[in-house]
Amino acid sequence: MAGAGLRAVARRWLLCGGHGGPRTASSSPSCPGCGPPGPGAHCPGAPRSAPAQTPAGGADLSAHLWARYQDMRRLVHDLLPPEVCSLLNPAAIYANNEISLRDVEVYGFDYDYTLAQYADALHPEIFSAARDILIEHYKSLLMKIDAFHYVQLGTAYRGLQPVPDEEVIELYGGTQHIPLYQMSGFYGKGPSIKQFMDIFSLPEMALLSCVVDYFLGHSLEFDQAHLYKDVTDAIRDVHVKGLMYQWIEQDMEKYILRGDETFAVLSRLVAHGKQLFLITNSPFSFVDKGMRHMVGPDWRQLFDVVIVQADKPSFFTDRRKPFRKLDEKGSLQWDRITRLEKGKIYRQGNLFDFLRLTEWRGPRVLYFGDHLYSDLADLMLRHGWRTGAIIPELEREIRIINTEQYMHSLTWQQALTGLLERMQTYQDAESRQVLAAWMKERQELRCITKALFNAQFGSIFRTFHNPTYFSRRLVRFSDLYMASLSCLLNYRVDFTFYPRRTPLQHEAPLWMDQLCTGCMKTPFLGDMAHIR
């Protein structure tokens, strides 16, 4: 299995060699015939009007169902005035757990994609270099999985070609479900599945897809495990050989984003008496140049502790690696480390010595990182730190959610689902035809909302209705999540984040589909009374 549980959605230009962005919903071949719903839109085959009286049977039942359908259309339109869109702020911080910044005394940060946000222009550079390395020197599917380990049909790819749903189901023994043992690794690596969890995964996903597509297109035999390892090694070599560091250092204006905002966040925290530390896997020379660009030559004075080449996530679990001090030129010193000094640079080490030397423990520490496993999982689950996830894709997804097309499509989809649930008690031949038409329209709506985010994989946070596997881990491993560190500038340093109460299925007195299907006006349960 080459990859699953997608965290990042590969850009269309990266997957297909630069041929445009995601298709619009109207051009998606899998979603014909159903545009965004409005007051005049209706399912093909639906009558423009129908009697609303209680049905007797046959054609009367069909007319009764279509009358409910039309009533719902009008109600959905009335529920969604134009001003209902754009309610979400892309620069907001979202809470999975209640946390008061007043109680946080120590702030920790990863470097890459946390303190330093990188431009998308970096991805094709990594892709091209890894491709060249691969040239010189499992089932093999890329797919999206939900929180319950089910493959979202329509998101499985072999190379650049979509895999039919029937084939995906056959590959997994007649089911869409991925067994737990294949996904049970704590750091997202099961015995036959790897989860792509961060932005750095985009070039790897794209290269893997392109190479598999080439091999299949030229009828070349290959071992899937060997190919996957070679691609992964090529991507790793881009980092090990320092190529990525060289590109960024040569043109920081091009590749580093929001540097002034990073400086503002750090300065503000220090001004309010907070202690700061940095733990990164990147080398000192690279971090130093980047921080000088964003913050200035005295950047180290903002941090109480700086640790480079930490080798996360083993930094959090391996007690054997000691801290080593670096001099001003980045050379290793031989001193025994008995305390961590402000303004000094340390390499490697381990979290247990870090805790012993700093005494920074528990919920008064808040650490920010972009990788749920390598940065956050151990700190939250084993050490009780508070954690903040940096999810750059969140900004774009929220802007899509705020569009009128998405809001209407999703609300009508929910309403139609509620109508299907309640009207399924009608099982005569005429009614089954109506229900089949609604099911077809519902599937088309699902395809439309998926394509708004990405034609291949949809949103990184949801399958059609369930949270993705990534979303489930995001909730588990982070107290807060946001698009960038600069979102902190929108809140006071003593702000308390309160997560919204998310109703369980049995708790909610009013769901959106109940409102939309007219449950508050019409006793739909009466339609089901004969079942009892």
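In this numbering scheme, every chain counts its residues from 1 along its sequence in written order. Note on the predicted model: pLDDT of at least 70 is required for a residue's local features to be given, and 80 or more for side-chain atom pairs to be given and counted; whole-chain, interface and lining totals, by contrast, use all residues. With hydrogens and water stripped out, all remaining heavy atoms of the structure feed into the side-chain values.

### Some points on the packing of aromatic side chains
Part 1: Only Phe, Tyr and Trp rings are paired, with Trp represented by its six-membered ring, and only when their centres lie within 6.5 Å; those with planes under 30 degrees apart are stacked, over 60 edge-to-face, the remainder tilted. Within the structure shown, the criterion is met by 28 aromatic pairs.
Part 2: Between F323 and Y346, the aromatic rings sit 6.5 Å apart at their centres with planes inclined by 75°, giving edge-to-face as the arrangement. Of this pair, F323 sits in strand β10 (residues 323-326) while Y346 sits in strand β11 (residues 345-348), and the two are 23 residues apart along the sequence. Y346 shares its class with F323; the two are buried.
Part 3: A network of ring pairs unites the aromatic residues F277, F354, W360, Y367 and W385 as a single cluster.
Part 4: Cation over ring: R324 sits above W334, and NZ or CZ is 5.1 Å from the ring centre. In this description a helix means any DSSP run of H or I spanning at least four residues, a strand means any run of E spanning at least two, and both kinds are numbered starting from the N terminus. Type-normalised accessible area, obtained with a 1.4 Å probe on protein chains alone, sets the label of each residue: buried when under 20%, exposed when over 50%, and partly exposed for intermediate values. Note on criteria: charge over ring means Lys NZ or Arg CZ within 6 Å of the ring centre, with the direction from the centre no more than 35 degrees off the ring normal.

### Concerning the sheet that holds strand β1 (residues 94-95)
Part 1: The mixed open sheet is built from nine strands, whose spatial order is β1-β14-β13-β12-β3-β8-β9-β11-β10. Strands at the two margins of the open sheet, each flanked by one partner only, are β1 and β10.
Part 2: Alignment of strand β13 (residues 386-390) against strand β14 (residues 480-482), held across three bridges, turns out to be parallel. Within β14, the position partnered with G388 by the bridge is L480. Following DSSP output, two strands are said to pair if at least two bridges run between them.

### Focus on the UniProt feature "binding site: Mg(2+)" (unreviewed entry) in the protein chain
Part 1: UniProt's entry tags D110 and D370 with the feature "binding site: Mg(2+)" (unreviewed entry), counted in the numbering of this structure.
Part 2: Within the secondary structure, D110 is located in the loop between β3 (106-109) and β4 (117-118).
Part 3: Once residues lying within four places of it in the same chain are set aside, the contact partners of D110 are L115, L278, I279, T280, K312, Y367, F368, G369, D370 and D375.
Part 4: Looking at where D370 falls in the secondary structure, it is placed in the loop between β12 (365-369) and α12 (372-383). UniProt positions are given in the numbering used here, feature names are shortened, and annotations may be inferred rather than shown by experiment. Note on contacts: a residue pair is in contact if any heavy atoms of the two residues lie within 4.5 Å.

### Some points on helix α11 (residues 351-358)
Part 1: Burial in α11 covers these residues: L351, F354, L355 and T358. Projected onto a plane normal to the axis of α11, the buried residues spread over an arc of 95° and lie on a single side.
Part 2: On the buried face of α11, the contacting elements are β8 (275-279), β9 (305-308), β10 and α12.
Part 3: Under the rule applied, a polar contact is a pair of N or O atoms within 3.5 Å (in protein, one hydrogen donor and one hydrogen acceptor; residues adjacent in sequence only if both atoms are side-chain atoms). Backbone nitrogen of F352 and a side-chain oxygen of the N-cap are separated by 3.1 Å at the start of α11; the cap is N350. Here the arc refers to the directions that run from the helix axis out to each C-beta atom.

### Re the pairing of β9
Part 1: Burial of the side chains of β9 extends over both faces: V305 and I307 are buried on one face and V306 and V308 on the other.
Part 2: For the crossover from β8 across helix α10 (residues 284-294) to β9, the handedness is right-handed.
Part 3: Looking at chain direction, β9 and β11 are connected through three bridges and run parallel. If you follow V306 over to β11, its bridge partner there is I345. Crossover handedness is defined here as right-handed if the route from the first strand over the helix to the second strand goes clockwise, with the strands pointing away from the viewer.

### A few points about the nonpolar core
Part 1: Each nonpolar core is a collection of buried residues, namely Ala, Val, Leu, Ile, Met, Phe, Trp, Tyr and Cys, held together in the definition by side-chain atoms within 4.5 Å. Within the largest apolar cluster, 110 residues are counted, with the highest numbers of intra-cluster contacts made by F109, Y111, F277, M291, W299, F303 and F354.
Part 2: When residues no more than four places from it in sequence are discounted, the contact partners of F277 are V106, Y107, G108, F109, F303, V305, F354, W360, V365, Y367 and W385.
Part 3: Counting residues in each nonpolar core, the second largest holds 19 residues, with V76, W412, L420 and M423 among its members.

### Focus: helix α7 (residues 243-250)
Residue pairs three or four apart in sequence face the same way in an α-helix, which turns once every 3.6 residues.
Part 1: Considered for burial, the residues of α7 that qualify are M244, Y245, W247 and I248. All buried residues of α7 lie within an arc of 165° about the axis, which places them on one face of the element.

### Some thoughts on the environment of G290
Part 1: Its location among the elements puts G290 in helix α10.
Part 2: Of the residues examined, G290 reaches a relative accessible area of 1% and is grouped as buried.
Part 3: Counting along the chain gives 42 residues from G290 to I248, while the straight-line C-alpha distance between them is 8.4 Å.
Part 4: The residues contacting G290, other than those within four sequence positions of it, are Y111, M252 and I256.

### Let's talk about the side chain of K274
Part 1: With respect to the element layout, K274 can be found in the loop between α9 (259-271) and β8.
Part 2: Summary of buried charges: K274 has no salt-bridge partner, and the nearest side chain of opposite charge, E105, is 7.4 Å away.
Part 3: Engagement of the side chain of K274 in a polar contact is seen with the backbone oxygen of V104, the distance being 2.7 Å.
Part 4: Every residue in contact with K274, bar those within four places of it in the chain, is listed here: L101, R102, V104, E105, Y107 and L269. When charges are tallied, Lys and Arg are placed among the positive residues and Asp and Glu among the negative ones, while His and the ends of the chain are skipped. Note on definitions: salt bridges are taken to be side-chain nitrogens of Lys or Arg within 4 Å of carboxyl oxygens of Asp or Glu.

### Things to note about unusual backbone geometry
Part 1: In this structure, the amide linkage connecting K312 to the following residue, P313, adopts the cis form with an omega of 5°.
Part 2: Note on placement: P313 falls in the loop between β9 and β10.
Part 3: The phi dihedral of Q309 is positive, around 45°, even though this residue is not glycine.
Part 4: By secondary structure assignment, the location of Q309 is in the loop between β9 and β10.
Part 5: For Q309, a relative accessible area of 32% corresponds to the partly exposed category.

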